[in-house]
Amino acid sequence: MAWITLTLRPPCAAAEAATAARLASRDIVAGMPSTPHGPAASQVPDDFRGLRESYGLNDRLLDPADLAGGWSALLTRWIADAASGGEREPNAMVIATCDVIDGVGYPSTRTVLCKGVSTTGVRFFTTRTSRKGAQLAANPRASATFPLLEAERQVHLEGLVVPLDDVAGREYWATRSRDSQIAAWASAQSRPVAGAPELRELYAEAAARFTGPGGESLPVPMPPYWGGYELRPDRVEFWQGGAGRFHDRLVATREPAGGGGRSARGSGTSGGPGPEGERVLAWRVERLQP
């Protein structure tokens, strides 16, 4: 299985100019100036009903054949397209997890960065003792949305989340900046703190822990409570904005190979291994109404 590392290049000058021109031409809100990231915050109206944009970047409709190479190939291409078009963090995805208390679900969301895409899933790394880590330990199903806003596209994934082993965690950990490594040691993520001064003290203590007696920087190992996850989807939806809110949607739903239409959703597994590790699964592709 080959993992695709997301190395995103900054947009070229031509792409930036095209994005600026496109933003300037949009009627974001009548009479309101726009910025590269939307209307000026101080001028957001009290009445949000008029806060909208018109879509029209993607003239070509999605075709089921676009998924012939698999959902991961199309997702990777869309992320690359968004990066070239000026999307600030095209690998950002909103992860939704859920507490289940007395049979009632209490969902929560947050934005994380996707750090790998393969035919089996998307990867992200975090503190396992955080709120999302505790929720995933109790209920290992989640959804993720890539909001490729500048490209007028979204990708939604739903499925089982599997913890990655420490080998994968350490491999990614080694690519992180020293400051972010120290931050992972300094923070008991999602726990309350008395105030900002205490946060600064926690970071200073962690930095001192990995500083030698002569002031030299010492290696920062991966904390035992930190690691990665892989969301292995059984449902993936690709969405493009359409004129008049008549949006363009394709959904791929995983089912057992030759399974006569029975969905693999809810099985609690990610599919059995086939020859050379391939999944014995088929994907049903359908067009959805806007």
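Residues numbered from 1 in each chain as written. Predicted model: local features only at pLDDT ≥ 70, side-chain atom pairs only at ≥ 80, totals over all residues. Heavy atoms only, no water.

A. A look at the overall build of the chain. A tally of regular secondary structure across the chain gives six helices and ten strands. Of all 290 residues assigned to the chain, the portion counted as buried reaches 39%. Counting contacts in the chain only where the partners sit at least 6 residues apart, residues at least 24 apart contribute 67% of the total. Accessible surface, the chain as shown: approximately 16,000 Å² in total, 55% of it carbon and sulfur. (Helix = DSSP H or I, 4+ residues; strand = E, 2+ residues; numbered from the N terminus. Buried < 20%, exposed > 50% of the residue type's maximum accessible area, 1.4 Å probe, protein only. Contact = heavy atoms within 4.5 Å. Areas by Shrake-Rupley, 256 points an atom, 1.4 Å probe, with all protein chains shown as cover.)

B. Up close: the packing of helix α5 (residues 178-186) against helix α6 (residues 196-209). At their nearest, the axes of α5 and α6 sit 8 Å apart, and the two run at 115° to each other. Both α5 and α6 take part in a crossing whose hand is right-handed. Here D179, I182, A183, W185 and A186 of α5 lie close against α6, whose contacting residues are L202, Y203, A206, A207 and R209. Along the lines of polarity and charge, the residues of the contact of α5 with α6 split into eight nonpolar, no polar and two charged. (Axes fitted to C-alpha atoms, helices over the stretch in contact; angles between N-to-C directions. Left-handed = near helix turned anticlockwise from the far one by under 90°. Nonpolar A, V, L, I, M, F, W, Y, C, P; charged D, E, K, R; others polar.)

C. Structural context of a nonpolar patch on the surface. Together, I101, V104 and Y106 make up a nonpolar patch on the protein surface, roughly 270 Å² of accessible area in all. Looking at the secondary structure, you find V104 in strand β4 (residues 104-113). (Patch = residues over 30% accessible without salt bridge, like charges linked within 9 Å, V, L, I, M, F, W, Y side chains within 5 Å. Salt bridge = Lys/Arg side-chain N within 4 Å of Asp/Glu carboxyl O.)

D. Examining the nonpolar core more closely. Of all hydrophobic cores here, the largest spans 30 residues; its most connected members are W71, L75, M93, V122, F146, L157 and F238. Contributing elements (two or more residues each) for this core: α2 (71-84), β3 (92-101), β5 (122-127), β6 (141-148), β7 (153-163), β8 (226-240) and β9 (248-256). At six residues, the largest contribution of residues to this core is made by α2. Excluding anything up to four places from it in sequence, L75 contacts V117, V122, F146, V155 and F238. (Core = buried A, V, L, I, M, F, W, Y, C linked by side-chain atoms within 4.5 Å.)

E. Looking closely at the packing of aromatic side chains. Using the criterion set out here, one finds nine aromatic pairs in the structure. Relative to W226, the ring of F125 has its centre 5.9 Å away and its plane inclined at 15°; by these criteria the two rings are stacked. Separated by 101 residues along the polypeptide, F125 in strand β5 and W226 in strand β8 bring together distant segments of the chain. The class of F125 is buried, set by a relative accessible area of 13%. A relative accessible area of 3% places W226 in the buried class. A connected cluster of aromatic rings, assembled from ring pairs, spans F125, Y172, W173 and W226. Over the ring of Y229 we find R128; its NZ or CZ atom is 4.9 Å from the centre of that ring. (Phe/Tyr/Trp six-rings, centres within 6.5 Å; stacked < 30°, edge-to-face > 60°. Lys NZ or Arg CZ within 6 Å of the ring centre and 35° of its normal.)

F. Structural context of the environment of D234. Looking at the element boundaries, D234 is found in strand β8. Classification of D234 as buried rests on a relative accessible area of 2%. Separated by 76 residues in sequence, D234 and E158 have C-alpha atoms that sit 6.1 Å apart.

G. Focus on helix α3 (residues 131-138). Within the sequence span of α3, burial applies to K132, G133, Q135 and L136. On an axial view of α3, the arc spanned by its buried residues comes to 165°, and they lie on one face. The outward face of α3, more than 90 degrees from its buried face, is lined by the exposed residues A137 and A138. Residues of α3 that are buried sit in contact with β3, β4, β5, β6, β7 and β8. (Arc of directions from axis to C-beta.)

H. Inspection of the pairing of β8 at higher detail. Burial of β8 is extensive: 15 of the 15 residues sit out of reach of the surface. Looking at chain direction, β5 and β8 are connected through six bridges and run antiparallel. Counted as the bridge partner of F125 is G228 from β8. When β7 meets β8, the two strands line up antiparallel, connected through eleven bridges. Looking at the pairing, L160 lines up with R232 of β8. As judged from the six bridges shared by β8 and β9, these two strands associate in the antiparallel manner. The partner of E237 across the bridge, within β9, is V251. (Pairing = 2+ DSSP bridges.)

I. Broad picture of the side chain of T126. Looking at where T126 falls in the secondary structure, it is placed in strand β5. Among the residues examined, T126 registers a relative accessible area of 5% and is labelled buried. At a separation of 2.9 Å, a polar atom in the side chain of T126 contacts the side chain of K132. A polar contact is formed between the side chain of T126 and the side chain of Q189, at a distance of 3.4 Å. (Polar contact = N/O pair within 3.5 Å; in protein donor to acceptor, adjacent residues only side chain to side chain.)

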